[in-house]
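Residue-level listing of the chains:
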Amino acid sequence: IITVMAEPCFGSSDAARELTEEEATTVASQIPAPAHKVFRLEKEARKNWDKFYHRNKNNFFKDRNWSHTDLKEACSHVDFQKPLTYLEAGCGVGNMLFPLSQVYPHWKWQAFDFSANAVRLLEERAREIGLEVSTTELDLSIELNEPLFPLKADLATLIFVVSAIHPEKHDIVARNLFSILRPGGTLLIRDYGMNDFAMIRFGREAKLGDRFYARQDGTRAFYFILEELVEPYERAGFKCVRKEYLHRRTINREKGVDVPRIFVQTVLTKE
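Residues numbered from 1 in each chain as written. Predicted model: local features only at pLDDT ≥ 70, side-chain atom pairs only at ≥ 80, totals over all residues. Heavy atoms only, no water.

In the nomenclature of an unreviewed UniProt entry, the chain corresponds to Methyltransferase type 12 domain-containing protein from the organism Pristionchus entomophagus. Looking at the Sequence similarities (unreviewed entry) heading of the UniProt record, one finds this comment for the chain: "Belongs to the methyltransferase superfamily. METL family." (UniProt positions renumbered as here; feature names shortened; annotations may be inferred.)

A few words on the environment of Ile200. Among the structural elements, Ile200 can be located in helix H8 (residues 197-200). Note: C-alpha distance between Ile200 and Ala28 (172 residues apart in sequence) is 9.7 Å. Dropping the residues within four chain positions of it, Ile200 is found in contact with Arg17, Leu19, Glu23, Thr26, Val27, Gln30 and Asn195. (Helix = DSSP H or I, 4+ residues; strand = E, 2+ residues; numbered from the N terminus. Contact = heavy atoms within 4.5 Å.)

According to the stated counting rule, one finds 17 aromatic pairs in the structure shown. On the numbers, 5.2 Å between centres and 75 degrees between planes, the contact of Phe160 with Phe263 is edge-to-face. On the criterion of sequence distance, the pair formed by Phe160 in the loop between strand E6 (153-159) and helix H7 (170-180) and Phe263 in strand E12 (residues 257-270) is long-range, its members being 103 residues apart. Take Phe160: its relative accessible area is 22%, and that puts it in the partly exposed class. Here the aromatic cluster, defined as three or more aromatic residues joined through ring pairs, consists of Phe160, Tyr192, Phe202, Tyr213, Tyr223 and Phe263. Taking NZ or CZ as reference, Arg190 lies 4.4 Å from the ring centre of Trp66, over its face. (Phe/Tyr/Trp six-rings, centres within 6.5 Å; stacked < 30°, edge-to-face > 60°. Buried < 20%, exposed > 50% of the residue type's maximum accessible area, 1.4 Å probe, protein only. Lys NZ or Arg CZ within 6 Å of the ring centre and 35° of its normal.)

This part covers the sheet that holds strand E8 (residues 207-209). As summarised here, the arrangement of the three strands in space is E8-E9-E10, forming an open sheet in which the pairing is antiparallel. Lying at the two open borders of the sheet, with one neighbouring strand each, are E8 and strand E10 (220-222). Neighbouring strand axes in the sheet, compared pairwise and without regard to direction, differ in orientation by 25 degrees on average. Alignment of strand E9 (residues 212-214) against E10, held across three bridges, turns out to be antiparallel. By the bridge assignment, Ala214 is partnered in E10 with Arg220. (Pairing = 2+ DSSP bridges. Axes fitted to C-alpha atoms, helices over the stretch in contact; angles between N-to-C directions.)

Remark: helix H3 (residues 45-56) packs on helix H6 (residues 116-129), axes separated minimally by 7 Å, with the N-to-C direction vectors making an angle of 40 degrees. Considering the angle they form, H3 stands oblique to H6. Contact residues: H3 offers Asp50, Tyr53 and His54, while H6 offers Ala116, Asn117, Ala118 and Leu121. (Parallel < 35°, antiparallel > 145°, perpendicular 65-115°, else oblique.)

Among the nonpolar cores identified, the biggest contains 37 residues, and Leu140, Leu158, Leu177, Leu187 and Tyr233 are the most heavily contacted of them. Where this core is concerned, the elements lending two or more residues are strand E3 (85-89), E6, H7, strand E7 (181-192), E9, helix H9 (226-236), strand E11 (238-252) and E12. Apart from residues no more than four positions distant in its own chain, Tyr233 is found in contact with Leu158, Val162, Val173, Ala174, Leu187, Ile189, Phe238 and Leu268. Counting residues in each nonpolar core, the second largest holds 24 residues, with Cys75, Tyr86, Leu155 and Leu188 among its members. (Core = buried A, V, L, I, M, F, W, Y, C linked by side-chain atoms within 4.5 Å.)

Structure follows, in structure tokens:
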């Protein structure tokens, strides 16, 4: 059984993990994907995520039950007892939203995702438990020209979402999030960091660009340097109030495996 140790966090810092000599050799020898594969995966990004959720339903990602404690620690300036409007951006099946709804039943709920199947699964679960959630489909890599919801969000999270989007489009993502939040609103982003163990394990022709990879199912992952995560949002008008690398581990007790994970996290406010 493989478990990701989400709590407690094994520390945070302003420095990424250094590769071992063996790992650096592995990364340097990764064979890039041909141009036609890079193009095809960009074109089929939505289709591949729809296939992912059609195949896995609610069974792949687990509810992020750490969410309320991590949010309170990272966003200490936010009054969580107020009736906030919360947005799970790139919601998937709602693994952040549903645990938060148990702790903060007085909040209003919003969610969107690239995948129609993900949004449908979230809506089905919300109906089952009687939770009112405003939902829509949205491609964050396309510039927004109109309001997304009648209410702008007070607090939004973007959890392992931006890494799935081509790095050349990250500035568009940041501008869209800026338009979705109300003035004074807060955005928390968590994603994959450079030299995460998963980055080293990709096989032949999985490399689409510098620290940008394709999984076997066609979904993609970019591994961030911390500044790369923050800078598009600062250009869009956000103020960074916190940024850090999160150092964690994946442990397989049965096989004696203990491997390093590295994530990037930032908290931004719309002044």
